[in-house]
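A closer look at the structure
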Amino acid sequence: MALEQIGVNHSFGGRQERYRHDSKVLNCPMTFSIYLPPQANIKGHRLPVLYWLSGLTCSDENFVQKAGAQQYAAEHGMAIVCADTSPRGDDVADDPDGAYDMGLGAGFYVDASEQPWAAHYRMYSYIVDELPALIAAEFPVDTSRSAISGHSMGGHGALTIAMKNPTQFKSVSAFAPICSPLSCPWGVKALGGYLGNDRANWAPYDTVALVGQAEVRLPVLIDQGEADNFLAEQLKTELLIEAARRADYPMQIRLQPNYDHSYFFIASFIGEHIAFHAAALG
């Protein structure tokens with residue numbers, strides 16, 4: 001799978017790079033960003049890798065430019081792969097009303113079954129299969145030491161993907177994740193559109209539903225700002241806290257006073273999240 005480098009910047013002794021490639025899974029060109037720490041220059045060295053999933057309206061660039069993660073990734077010798085949030089292109093379906101919570105920039109990390117979405121919106125398979133295979137083939141990463149994290153819609157994606165693939169991802173963290181798409185307006189709209197009206201087809205993409213079925217207890221770290229204006233209506237953190245308690249699934253869920261939904265929140269705690277994953281990956 002040919003890669004076209006479309007950007008590179010040096011950062012904390014490493015390189016922040018950006019690439020374009022043709023995705024067979026999504027049937028369109030895609031971009032991703034990858035931070036390679038200085039340890040990538042050591043001959044024969046394989047890096048632990050963290051996959052980052054961003055939220056609604058974002059691309060692969062938001063986290064790269066705003067989170068300040070490169071410093072901590074360099075300290076821990078960790079690669080960070082930042083995926084885009086949806087397929088892109090002139091022939092890719094978008095919300096007919098131009099809404100931000102469906103279509104372009106809002107793939108929700110599911111494999112769509114409904115038209116017109118099914119032709120391109122297979123973000124689950126892209127994140128689980130195609131992108132990691134590409135990264136393993138082209139960069140010095142150790143696929144046995146992979147973790148995943150994300151924010152908001154991306155936090156939802158990280159949690160559900162990790163819980164369904166606990167041998168592939170050894171740890172998972174999230175900032176302000178959408179914990180139960182089954183129970184919030186964002187999720188009802190997106191999952192109903194992408195997957196149809198049968199709510200049984202939504203449950204595999206709902207963290208609260210998955211917790212009770214999980215046989216493997218991954219290390220989980222979640223930070224949620226108490227001043228987040230989406231907390232009550234959209235994020236439903238309290239449902240995940242209760243589901244984890246009922247399932248006896250140990251999760252570190254931290255409610256952070258005064259913090260909101262922004263990248264200022266992410267930047268405040270990203271160093272702790274990278275340290276958390278570094279400890280889990282060894």
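Quick look at the structure, then. What you see is a predicted model, and the numbers here were worked out from it, not measured in a lab. (Residues numbered from 1 in each chain as written. Predicted model: local features only at pLDDT ≥ 70, side-chain atom pairs only at ≥ 80, totals over all residues. Heavy atoms only, no water.)

With that out of the way, let us pick up the overall build of the protein. In terms of helices and strands, the protein carries nine helices and nine strands. Here the protein has a C-alpha radius of gyration of 18 Å; the compact-globule value for 282 residues is 19 Å, and the two agree. Projecting the C-alpha coordinates of the protein onto the three principal axes gives extents of approximately 50 × 45 × 35 Å. Of all 282 residues assigned to the protein, the portion counted as buried reaches 58%. In the protein, the proportion of contacts linking residues at least 24 apart, taken out of those at least 6 apart, comes to 72%. Carbon and sulfur atoms form 49% of the exposed surface of the protein, whose accessible area is close to 11,200 Å². Computed over 19 positive and 31 negative side-chain charges, the separation of the two mean positions in the protein equals 6 Å. (Helix = DSSP H or I, 4+ residues; strand = E, 2+ residues; numbered from the N terminus. Rg over C-alpha atoms; globule rule 2.2 N^0.38 Å. Buried < 20%, exposed > 50% of the residue type's maximum accessible area, 1.4 Å probe, protein only. Contact = heavy atoms within 4.5 Å. Areas by Shrake-Rupley, 256 points an atom, 1.4 Å probe, with all protein chains shown as cover. Lys, Arg positive; Asp, Glu negative; His and termini not counted. Charge placed at Lys NZ, Arg CZ, Asp CG, Glu CD.)

A few words now on unusual backbone geometry. What is expected of a backbone is that most residues other than glycine have negative phi and most peptide bonds are trans. With an omega of 5°, the peptide bond between Gln115 and Pro116 qualifies as cis. Along the chain, Pro116 turns up in the loop between strand E5 (79-83) and helix H3 (123-138). For Phe108, which is not glycine, the phi torsion reads 60° and is therefore positive. Along the chain, the position of Phe108 falls in the loop between E5 and H3. A relative accessible area of 0% means that Phe108 is categorised as buried. Unlike most non-glycine residues, Ser152 shows phi in positive territory, near 60°. As for its placement among the helices and strands, Ser152 is situated in the loop between strand E6 (141-151) and helix H4 (153-164).

What follows is about the pattern of salt bridges. All told, the structure shown has 13 salt bridges when counted by the stated rule. Notably, a salt bridge pairs Glu17 with Arg15, separated by 2.7 Å at the nearest N-O pair. Look at Arg15 and you get partly exposed, because its relative accessible area is 23%. Salt-bridge contacts for Asp84 lead to Arg88; the nearest nitrogen and oxygen are separated by 2.9 Å. Accessibility expressed as a relative area gives 29% for Arg88, which makes it partly exposed. Each member of the salt-bridge network shares a partner with another, and the members are Arg18, Asp60 and Glu61. (Salt bridge = Lys/Arg side-chain N within 4 Å of Asp/Glu carboxyl O.)

Before going further, it helps to examine the side chain of Gln224. Within the element layout of this structure, Gln224 appears in strand E8 (residues 220-225). There is a polar contact of 3.2 Å between the side chain of Gln224 and the side chain of Asp228. Contact partners of Gln224, with chain neighbours within four places excluded, come to Ala176, Pro177, Leu231, Leu235, Thr237, Arg254, Leu255, Gln256 and Phe265. (Polar contact = N/O pair within 3.5 Å; in protein donor to acceptor, adjacent residues only side chain to side chain.)

Considering all chains together, one arrives at 16 aromatic pairs under this definition. Between the aromatic rings of Tyr19 and Phe32, the centroid separation amounts to 5.6 Å while the plane-to-plane angle is 25°, which identifies the pairing as stacked. In this pair, Tyr19 is assigned in strand E2 (residues 14-23) and Phe32 in strand E3 (residues 28-36), connecting sequence segments 13 residues apart. Considering the side-chain rings of Tyr51 and Phe169, the 6.1 Å spacing of their centres and the 85° angle between planes classify their relative orientation as edge-to-face. Taken together, the positions of Tyr51 in strand E4 (residues 47-53) and Phe169 in the loop between H4 and strand E7 (172-175) put the pair 118 residues apart, joining distant regions of the chain. Judged on exposure class, the residue Tyr51 and its partner Phe169 are both buried. One aromatic cluster is present, formed by Trp52, Phe63, Phe175, Tyr259, Phe265 and Phe269 through successive ring pairs. Directly above the ring of Tyr124 sits Lys164, whose terminal nitrogen or CZ lies 4.3 Å from the centroid. (Phe/Tyr/Trp six-rings, centres within 6.5 Å; stacked < 30°, edge-to-face > 60°. Lys NZ or Arg CZ within 6 Å of the ring centre and 35° of its normal.)

Moving on, we get to the sheet that holds E4. Remark on secondary structure: sheet strands pair via backbone hydrogen bonds, oriented parallel or antiparallel. In spatial order, the strands read E1-E2-E3-E5-E4-E6-E7-E8-E9; together these nine strands make up an open sheet with mixed pairing. The strands lining the two open edges of the sheet, one partner per strand, are strand E1 (3-11) and strand E9 (252-256). The sheet shows a mean angle of 20° between the axes of neighbouring strands, direction not considered. (Pairing = 2+ DSSP bridges. Axes fitted to C-alpha atoms, helices over the stretch in contact; angles between N-to-C directions.)

Among the nonpolar cores identified, the biggest contains 95 residues, and Phe63, Ile80, Ile127, Leu131, Ile148, Tyr194 and Tyr249 are the most heavily contacted of them. Not counting chain neighbours up to four residues away, the residues in contact with Tyr194 comprise Met102, Gly103, Ala106, Gly107, Phe108, Val110, Ala112, Ser113, Glu114, Trp117 and Tyr121. (Core = buried A, V, L, I, M, F, W, Y, C linked by side-chain atoms within 4.5 Å.)

The next thing to look at is the environment of Pro87. Its place among the elements puts Pro87 in the loop between E5 and H3. A residue is classified by how much of its surface remains accessible, and Pro87, at 0% relative accessible area, is buried. Here the alpha-carbon distance between Pro87 and Met123, two residues 36 residues apart in the chain, equals 7.7 Å. If sequence neighbours within four positions are ignored, Pro87 has contacts with Leu26, Cys28, Met30, Val92, Leu104, His120, Tyr121 and Met123.

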